Amino acid sequence: MISRRDVMIAGAASAVAGAANAAVQRPSSPFPKGFLWGAATAGHQIEGNNVASDMWFVENLKPTFYPERSGDACNSFDLWPTDLDLVKHIGLNSYRFSLEWARIEPEQGQFSVAMLDHYKTIIDGCRARDIHPFVTFNHYSAPRWFAAQGGWTNTQAPGLFARYCEKAARHLAGGIGHAATLNEPNMPLLIKDLLPASASAGIRAIYRAAGDALGSSKFTLSQIILPDDVPTAIANLIAAHKGGRAAIKAVRPELPVGACLSMADDQAVGADSLRDNKRKDYYGAWLEAVTGDDFVGVQNYHRTLWNARGKMPAPKDGPRNIDGTEVYAPSLANAVRYAHQQTRCPIIVSEHGVDTPDDSIRAWLIPAALKELSQAIGDGVPVLGYYHWSLMDNFEWSLGYSHRYGLASVDRTTFKRSLKPSAAAYRSIAQRNML
């Protein structure tokens, strides 16, 4: 059923899209030579049947906070050649995907050569298609045994992660183009302000049930850290990034390695705005930790307005995500500028997109956001690439399959991928390296 708000959003998006299309006809400066145009995915969200992972275990637990199970997901464990062909068909020259730690080390200390070979085959498949592989060593999900030991709250976690990175790098690093250690490791800092007490209580109950089932007193998912555990987890995640980066570099020193951070476009409104304090809380430790890395991955989806009292509601006009939040095209470039200002590192937009069933919003957002990004590049910000989230609709964690970020839709029975019109809008920019 289409609501009145849906009609209003579609109308607004169509009007803005018309203006954006007119703007695209005007001459524009090209993006830098060798710019990486890509789409991003994550293993657990697309591969399916990641049975040794912490996420799979909790999805199938009772009680659970997952409305759906990942199940077969997009069946990309088998259909990865189709996915790479899709990347090529869109006209992209790069693909960001992740390794599944739980497949590579399903039991502590037991490393699967077969699974390492599987990911090597994907990397080789990228190279055979002239696709630059950007590989994330950990995109949230982790082995079940790791969660049963407390996940990122365990003091041994950084060493365990570094060991995994070393094993994976020795098998895979030769073919990787760019590597990220961790995906959005600052997320616990963002979530702690969002979880109401009732939600924390529910998570504690699920963790107790998981712990009871596994004989663990401290089961903790890699993605969801309880507020009391955030300081410990962040310290361990920073140590894990540094240890993982060193392990990868020890295998192949010239391989560019960084981490991908979740960053809003935080804007100050009025006197005594909380913006700067919030930036320090959400990003400060991580921006310091990644300074000196080969690049910083910026993952941006929205802006946040801060006054002296806290977060303000977004303006009511303009297109919206499916949850009603604002879609603001300049948000990406503003976050990129801030990340570079704080670190002086090259930037890769490792994720950017929109959660909507209305593909006209996505088709508008891509050129509108890239226009702002090109202006940042023109002002001297060294941006190396842009990866749209996501290549296809997939399993969106606790949101299940009802949320749509993909450039392609996926039939949940046949797994057929079908490109949306927004993919053509993206293709026209990527192929010309110009708006």
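Parameters at a glance
- Residues numbered from 1 in each chain as written.
- Predicted model: local features only at pLDDT ≥ 70, side-chain atom pairs only at ≥ 80, totals over all residues.
- Heavy atoms only, no water.
- Helix = DSSP H or I, 4+ residues; strand = E, 2+ residues; numbered from the N terminus.
- Polar contact = N/O pair within 3.5 Å; in protein donor to acceptor, adjacent residues only side chain to side chain.
- Contact = heavy atoms within 4.5 Å.
- pLDDT = per-residue confidence, 0-100.
- Core = buried A, V, L, I, M, F, W, Y, C linked by side-chain atoms within 4.5 Å.
- Buried < 20%, exposed > 50% of the residue type's maximum accessible area, 1.4 Å probe, protein only.
- Salt bridge = Lys/Arg side-chain N within 4 Å of Asp/Glu carboxyl O.

You can see serine 273 is positioned in the loop between strand S6 (265-268) and helix H12 (275-290). At 3.1 Å, the side chain of serine 273 and the backbone nitrogen of arginine 275 are in polar contact. At a separation of 2.7 Å, a polar atom in the side chain of serine 273 contacts the main-chain carbonyl oxygen of tryptophan 306. Apart from residues lying up to four places away in sequence, serine 273 is in contact with Ala268, Trp306, Asn307 and Ala308.

Close inspection of predicted coordinates is inappropriate in any region flagged by low pLDDT. Residues of the chain with pLDDT of at least 70 account for 94%, and the chain-wide mean is 93. Contacts for the low-pLDDT stretch residues 1-27, under 50 throughout, to residues beyond four places or in other chains number 20 contacts.

Counting 123 residues, the largest nonpolar core has Trp37, Phe137, Trp152, Trp286 and Tyr386 as its most contacted members. The element contributing the most residues to this core is helix H14 (residues 359-378), with ten residues. Those residues in contact with tryptophan 37 that sit more than four places away from it in its chain are Phe31, Leu92, Asn93, Ser94, Leu370, Tyr386, Tyr426, Ile429, Ala430 and Asn433.

This part is about the pattern of salt bridges. According to the stated counting rule, one finds 21 salt bridges in the structure shown. Across the salt bridge formed by glutamate 105 and arginine 163, the nearest N and O atoms sit 2.7 Å from each other. Residue glutamate 105 is located in the loop between helix H5 (101-104) and helix H6 (113-128), and its partner arginine 163 is located in helix H8 (residues 157-172); the two are separated by 58 residues in the primary sequence. Accessibility expressed as a relative area gives 31% for arginine 163, which makes it partly exposed. As a salt-bridge pair, aspartate 276 and arginine 275 come within 2.6 Å of each other at their nearest N and O atoms. Among the charged side chains, a salt-bridge network with shared partners connects Arg245, Lys249, Asp293 and Asp294.

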